[in-house]
Amino acid sequence: MKESRRKSGPSSTRNMLSYIFSFILAVTLTVIAVVITAGHFLSANYLKKMINSDYVSDLMKEVKNEAVDYTLPTGIDTSVLDDVFTEDRIMEDVKTYIGNSFTSNKYEITTEELAKKLTENTMAYIKSQNISGEGVDAAVGDYVTAICNIYKKRIKLIGMDYIARVGNMFKRYFAIVLIALVVFAAANIFLCIKLHTHIHRGLRYVAYAFGAAGIMTFAAPMGAIINGFYKRLRITPLYFNHLISEYIGNAMKFMILLSIIWFIIMIADIIYISTLRRRVVRKHKTHKKSK
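Bear in mind that the values here come from a model prediction, so they are computed numbers and not experimental data. (Residues numbered from 1 in each chain as written. Predicted model: local features only at pLDDT ≥ 70, side-chain atom pairs only at ≥ 80, totals over all residues. Heavy atoms only, no water.)

Chemist: Looking at this model, I keep getting lost on the overall build of the chain. Mind explaining?
Modeler: Secondary structure summary: the chain contains nine helices and zero strands in total. Going from N to C terminus, the chain has its helices and strands arranged as α-α-α-α-α-α-α-α-α. A compact globule built from 291 residues should have a C-alpha radius of gyration of about 19 Å, whereas the chain, at 31 Å, is more than 25% larger. Dimensions along the principal axes, computed over C-alpha positions, put the chain at roughly 115 × 30 × 30 Å. Burial statistics for the chain: of 291 residues in total, 37% are counted as buried. (Helix = DSSP H or I, 4+ residues; strand = E, 2+ residues; numbered from the N terminus. Rg over C-alpha atoms; globule rule 2.2 N^0.38 Å. Buried < 20%, exposed > 50% of the residue type's maximum accessible area, 1.4 Å probe, protein only.)

Structure, rendered in structure tokens:
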């Protein structure tokens, strides 16, 4: 009886330590998934890809409507706004604004071409109406400046400066943090294996860890998608609300994709464990026969 207890003691301690290292590994893998997701989504390149033709089309309507609302009380015909705003120009300006937000917080949207076109249209309208006077040039200048300010305000994405600051800070430490986490995860895998005489027994706890990490990485994003809270944010304007909803939704889907990778590694690990175990059993039988 005493001998049996002596044998079970080290084994129980070894299993307990294996579970602890397995749990730490699972948490580490989950954090790795979060870090990779943040690194991918908090980047200028990804945000630029989010700006599609639907977003630009809705944004142009918003800019034009606000410009028309400003123009009507001035007595200037709204036809002066024709061909001033184009989707290609807006697409380029929005993407340039995003890119420069990550490199310079003081970046200002340039509106020289817009101002030139609008000034030409407005002056042509004034001449067609035979309007003249000392204050005409100044009034046109004020009007053009006001429309340009409307354009600048609408081109900017709400919270872009904050996202850029966080993204830049994250980018600075991303590689260091990720490497540290991967090394830490590898150390836990090594300890899980090293605690056992046979490799397949240690790899069993590694499989547990990848499975648990897969569940944790999958559960929260899938819960968010099912709940759909990000679709009910009610941010104005509507086109920006749609952009934010899609942005968050894509991040959740990316996390789920990473969880699938953890599950695939777990399955591969289980298959490898089964192979190693069969080898050990076969070797054990061969050894018995040789006796």
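Chemist: When you look at helix H6 (residues 136-155) in this model, what are you seeing that I'm missing?
Modeler: An α-helical segment advances 3.6 residues per turn. Residues three or four places apart therefore align on the same side. For H6, with 20 residues, the first-to-last C-alpha span of 29 Å sits near the 28 Å given by 1.5 Å per residue. All of the buried residues along H6 are Val136, Val140, Tyr143, Val144, Ala146, Ile147, Cys148, Ile150, Tyr151, Lys152 and Ile155. Taken together, the buried residues of H6 touch helix H3 (53-71), helix H4 (87-101) and helix H5 (112-128). (Expected span 1.5 Å × (residues − 1). Contact = heavy atoms within 4.5 Å.)

Chemist: For this particular structure, what's the right way to read the side chain of Ser245?
Modeler: Residue placement: Ser245 occurs in helix H9 (residues 238-290). You can call Ser245 buried: its relative accessible area is 11%. When sequence neighbours within four positions are dropped, the list of residues in contact with Ser245 reads Tyr230 and Lys231.

Chemist: Sorry, what's going on with the nonpolar core here?
Modeler: Counting 72 residues, the largest nonpolar core has Tyr55, Phe85, Val94, Ile98 and Leu157 as the members making the most contacts within it. For this core, the element with the most residues is H9, which contributes 13 residues. Contacts of Phe85, omitting those with residues within four sequence positions, involve Met60, Val63, Lys64, Ala67, Leu114, Ile147 and Tyr151. (Core = buried A, V, L, I, M, F, W, Y, C linked by side-chain atoms within 4.5 Å.)

Chemist: Help me understand the pattern of salt bridges in this model?
Modeler: When the charged atoms of two side chains lie near each other, side chains of opposite charge can form a pair. What the rule picks out here adds up to six salt bridges. Note that Glu66 is salt-bridged to Arg154, the shortest N-O span being 2.7 Å. Taken together, the positions of Glu66 in helix H3 and Arg154 in helix H6 put the pair 88 residues apart, joining distant regions of the chain. Overlapping salt bridges, with partners in common, bring together Glu62, Glu66, Lys153 and Arg154 in one network. (Salt bridge = Lys/Arg side-chain N within 4 Å of Asp/Glu carboxyl O.)

Chemist: Any chance you could explain the packing of H4 against helix H7 (residues 160-194) here in plain terms?
Modeler: The relative placement of two packed helices is expressed as an angle between their axes plus a distance between the axes. The contact between H4 and H7 brings their axes to 9 Å, and the two run at 45°. The angle between the axes of H4 and H7 places the two elements in the oblique class. Counted together, Tyr97, Ile98 and Ser101 of H4 and Met160, Asp161, Ala164 and Asn168 of H7 form the full contact between these two elements. (Axes fitted to C-alpha atoms, helices over the stretch in contact; angles between N-to-C directions. Parallel < 35°, antiparallel > 145°, perpendicular 65-115°, else oblique.)

Chemist: What is the right way to read the side chain of Thr30 from this model?
Modeler: Relative to the assigned elements, Thr30 resides in helix H1 (residues 2-41). Setting aside chain neighbours within four positions, we find Thr30 in contact with Ala213, Met216 and Thr217.

Chemist: What should I look at first to understand unusual backbone geometry in this one?
Modeler: Across the chain, the bulk of peptide bonds are trans and the bulk of non-glycine residues have phi less than zero. At the junction of Thr236 and Pro237, the peptide bond is cis and its omega measures out at 0° in the coordinates. Along the chain, Pro237 falls in the loop between helix H8 (199-227) and H9. The residue Asp83 is not glycine, and still its phi comes out positive at about 65°. Topologically, Asp83 is positioned in the loop between H3 and H4. What makes Asp83 exposed here is its relative accessible area of 60%. Its identity as a non-glycine residue notwithstanding, Arg234 has a phi of 60°, on the positive side.

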